[in-house]
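Each chain, written out:
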Amino acid sequence: MTLYQQKQIVLMRQMEDSLAKNTAASTIVTMQKDYVNDPQLCLTCVSFLPKNTAETIQTQLLTALATIEPAFYYYPVQSLHVTIQNIRVINNPPHFSAADIAKAQQLLLNFIPSYGPFVFEFSGILRLPTSLAIIALITPEYDRFIRAFRQALVAAGIPDDKKYFTDEIIFANTTICRYTHEPSQEFFGEVEKRKQTSFDSMRAQEVSLIQTNAGAHPSKMKVLCTYPFRQI
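Please read these numbers as outputs of a predicted model, since none were measured by experiment. (Residues numbered from 1 in each chain as written. Predicted model: local features only at pLDDT ≥ 70, side-chain atom pairs only at ≥ 80, totals over all residues. Heavy atoms only, no water.)

Colleague: I would appreciate a short explanation of the environment of Ser114 in the present structure.
Modeller: The topology assignment puts Ser114 in the loop between α3 (98–111) and β4 (118–128). C-alpha separation for the pair Ser114 and Gln205, spaced 91 residues apart in sequence, amounts to 12 Å. (Helix = DSSP H or I, 4+ residues; strand = E, 2+ residues; numbered from the N terminus.)

This is the structure we're talking about:
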């Protein structure tokens, strides 16, 4: 692990502790009873996990957690993704229009092919107030890419409306589970045991613009466009 990645871990653990005391420190998805049919939608840019990586996460982690809290929502293999950049946070009615989607598509068409591809290293479980995520460690080059991406969104008239814990460093993660009720101590104990677990790394080759609900359920997800990172 590089010094830069160690810094990411420290800050993400600080976020974990801070959100446990004050959920307003960052935008979080409120707890739902039914994530499959949740009508709230967001507009976001993602890179989907390779099938083998997603299946490893499912068999090595999600299956064990589901035996303890079977009512929780666990992301289907085909829905697991790294969030690259939010555009509009989840809401019903949506906070975006067809015009916003068109602006985002044009921006991505011109912007994405000039950057990347980027490697994410999946290392550690992040415990958030209403969900669990796997930490995706990044590089300084990815940090610069996201900062440029956010500036491009502002210039295009569709600035990211998400509140972040800190601007000191860019975070990346893959949400794997959303709670439908307060987790049991047994569940948290299992999470704690697996907190430092590492999974495969991933080289993201493309970015998809999607509209989706909080669970990224296939029935609620629409892939609006997909653009490749720089070909090298």
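Colleague: Where do I start with the sheet that holds strand β8 (residues 206–212) in this structure?
Modeller: Within a beta sheet, neighbouring strands are joined by backbone hydrogen bonds and run either parallel or antiparallel to one another. One open sheet holds the 4 strands; their spatial order is β3-β1-β8-β9, and the pairing between them is antiparallel. Strands with a single pairing partner mark the edges of an open sheet, and in this sheet they are β3 (81–91) and β9 (222–228). Going across the sheet, the axis of each strand differs from the next one's by a mean of 15°, ignoring polarity. In the sheet, strand β1 (residues 41–48) pairs with β3 via 7 bridges, with the strands oriented antiparallel. Opposite Val46, over in β3, you have Thr83 as the bridge partner. Helix α4 (residues 140–155) contacts β1 and β3 of the sheet and is inclined by roughly 30° relative to β3. (Pairing = 2+ DSSP bridges. Axes fitted to C-alpha atoms, helices over the stretch in contact; angles between N-to-C directions. Contact = heavy atoms within 4.5 Å.)

Colleague: How do you make sense of the pattern of salt bridges when you look at a structure like this?
Modeller: A side chain of one charge can pair with a side chain of the opposite charge when the charged atoms of the two come close. On inspection of all chains with the given rule, the structure shows 10 salt bridges. Of the charged contacts in the structure, one is a salt bridge between Lys195 and Glu16, with a shortest N-O distance of 3.4 Å. With a gap of 179 residues between them, Lys195 in the loop between α5 (185–193) and β7 (198–204) and Glu16 in helix α1 (residues 3–21) connect regions that are remote in the sequence. Comparing Lys195 with Glu16, the two get one shared label, buried. The residue Arg147 makes a salt bridge to Asp167 at a minimum N-O spacing of 3.1 Å. In this pair, Arg147 sits in helix α4 while Asp167 sits in the loop between α4 and β6 (173–178), placing the two residues 20 residues apart along the sequence. Look at Asp167 and you get exposed, because its relative accessible area is 55%. (Salt bridge = Lys/Arg side-chain N within 4 Å of Asp/Glu carboxyl O. Buried < 20%, exposed > 50% of the residue type's maximum accessible area, 1.4 Å probe, protein only.)

Colleague: Just to check I follow, could you spell out the packing of aromatic side chains for this structure?
Modeller: The geometry of an aromatic ring pair is captured by the separation of the ring centres together with the interplanar angle, meaning the angle of the planes. With the rule as written, the count across this model stands at 18 aromatic pairs. Geometrically, the ring pair formed by Tyr35 and Tyr73 is tilted, given 5.7 Å between the ring centres and 45° between the ring planes. Here Tyr73 lies in strand β2 (residues 73–74) and Tyr35 lies in the loop between α1 and β1, a separation of 38 residues in the sequence. The exposure class of Tyr73 is buried, given its relative accessible area of 8%. Ring geometry for Tyr179 against Phe188: centres 6.5 Å apart, planes inclined by 75°, an arrangement best described as edge-to-face. Here the two residues Tyr179 and Phe188 agree in accessibility, since each one is buried. Counting every residue linked through ring pairs, the aromatic cluster contains Phe111, Tyr115, Phe118, Phe120, Tyr142, Phe145, Phe149 and Phe229. For the cation-ring pair, Arg127 lies above Phe188, with the distance from its terminal atom to the ring centre recorded as 3.4 Å. Lying across the ring of Tyr164, Arg150 places its NZ or CZ 4.2 Å from the centre. (Phe/Tyr/Trp six-rings, centres within 6.5 Å; stacked < 30°, edge-to-face > 60°. Lys NZ or Arg CZ within 6 Å of the ring centre and 35° of its normal.)

Colleague: Looking at this structure, I do not really get the nonpolar core. What am I missing?
Modeller: One finds Ile84, Phe120, Phe145, Phe149, Phe187 and Leu209 to be the most contacted residues of the largest nonpolar core, which totals 67 residues. Not counting residues up to four positions away in its chain, the partners in contact with Ile84 are Cys45, Val46, Ser47, Phe120, Tyr142, Phe145, Ile146, Phe149 and Val207. Of all hydrophobic cores here, the second largest spans 12 residues; its members include Leu11, Leu128, Ile135 and Ile169. (Core = buried A, V, L, I, M, F, W, Y, C linked by side-chain atoms within 4.5 Å.)

Colleague: In this structure, what is going on with α3? I would like to understand it.
Modeller: An α-helix turns once per 3.6 residues; consequently, residues spaced three or four apart project the same way. In this model α3 runs 20 Å from its N-terminal to its C-terminal C-alpha over 14 residues, within 8% of the 20 Å that 1.5 Å per residue would give. The complete set of buried residues in α3 reads Asp100, Ile101, Ala104, Leu107, Leu108 and Phe111. In a view along the axis of α3, the buried residues occupy a sector of 125°, so they form one face of it. Opposite its buried face, α3 presents the exposed residues Ala98 and Asn110, each directed more than 90 degrees away. Elements that come into contact with the buried residues of α3 comprise β1, β3, α4, β8 and β9. (Expected span 1.5 Å × (residues − 1). Arc of directions from axis to C-beta.)

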